[in-house]
Amino acid sequence: RKEFFQRVLKPDVPASEGYRRLANLLARRMVRTVLTTNFDDLVIRTAKQTPTVRHVEEIFTESDHTLFRTNPPHPQVVYLHGSVNHYTDRNLIAETQELNKNLANLLQPLLRDHPLVVIGYRGTEPSIMKDLLINRAEQCGRFREGIYWCRLAGSTPVQDSPLVAELGATIGSNLQFVQID
């Protein structure tokens, strides 16, 4: 399984403009935490290629949770669906129904006290949409700092996803859809 994913993830694929811009935001400390459902290391690789980023905290597994900070001194990347390299990847339908409860609890203060910008995510995995967002909306103050869901111009509106629509019904105007180039 690990060998298959390592071939599929193509570690030599160059970062897109979006990854380079995210790395720039990390370097400028405008973004400090990246939550990703991806298994690839493009966020980390691209950030480390940015001259002013000296260190990126990588949080792959439950044993790495002690490294997580709500106000980190340097950029951190949290892998919500685990790590192929650590044999903790969660990608089968049954595995994406629930998020690790300890991880969801760990992220709750971050989601309560900071805005969440969603980029490149379709909003279909119950582990993220239900366990992390919808079911924790009240504990997170209905995301009073806002969830800003970005979508590409001309793409299918993400709000058509039943789980994204449910999130919108749950938190109201704290969910905003942003069209990006």
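Throughout what follows, the structure given in this document is the object of discussion. (Residues numbered from 1 in each chain as written. Predicted model: local features only at pLDDT ≥ 70, side-chain atom pairs only at ≥ 80, totals over all residues. Heavy atoms only, no water.)

Let's talk about the nonpolar core
Side chains of a nonpolar character, in soluble globular proteins, are inclined to be buried together. Core analysis: the largest hydrophobic core is formed by 29 residues, its most contacted members being Leu132, Leu133, Ile147, Trp149 and Leu167. Within the residue set of this core, elements represented by two or more residues are helix H4 (101-113), strand E4 (116-118), helix H5 (126-133), strand E5 (147-152) and helix H6 (162-171). Sort the elements by how many residues they give to this core and H4 lands first, with five residues. Ranked by size, the runner-up nonpolar core spans 14 residues in total, among them Leu26, Val53, Val56 and Val77. (Core = buried A, V, L, I, M, F, W, Y, C linked by side-chain atoms within 4.5 Å. Buried < 20%, exposed > 50% of the residue type's maximum accessible area, 1.4 Å probe, protein only. Helix = DSSP H or I, 4+ residues; strand = E, 2+ residues; numbered from the N terminus.)

Observations regarding the pattern of salt bridges
Following the criterion strictly, the structure yields eight salt bridges and no others. The shortest N-O distance in the salt bridge between aspartate 113 and arginine 144 comes to 3.4 Å. Of this pair, aspartate 113 sits in helix H4 while arginine 144 sits in the loop between H5 and E5, placing them 31 residues apart in sequence. What makes arginine 144 partly exposed here is its relative accessible area of 48%. With a closest N to O distance of 3.4 Å, glutamate 125 and arginine 122 form a salt bridge. What makes arginine 122 exposed here is its relative accessible area of 56%. Ionic contacts of the salt-bridge type, sharing partners, join the residues Glu17, Arg20 and Arg21 into one network. (Salt bridge = Lys/Arg side-chain N within 4 Å of Asp/Glu carboxyl O.)

Some details on the pairing of strand E3 (residues 76-79)
Judged by which residues are buried, E3 turns out to be covered on both faces: Gln76 and Val78 on one side and Val77 and Tyr79 on the other are all buried. Pairing between strand E1 (residues 33-36) and E3: four bridges, direction parallel. Bridge pairing links leucine 35 to valine 78 in E3. Both strand E2 (residues 57-59) and E3 contribute to a ladder of three bridges, which runs parallel. Note that in E3 the partner of isoleucine 59 across the bridge is valine 78. (Pairing = 2+ DSSP bridges.)

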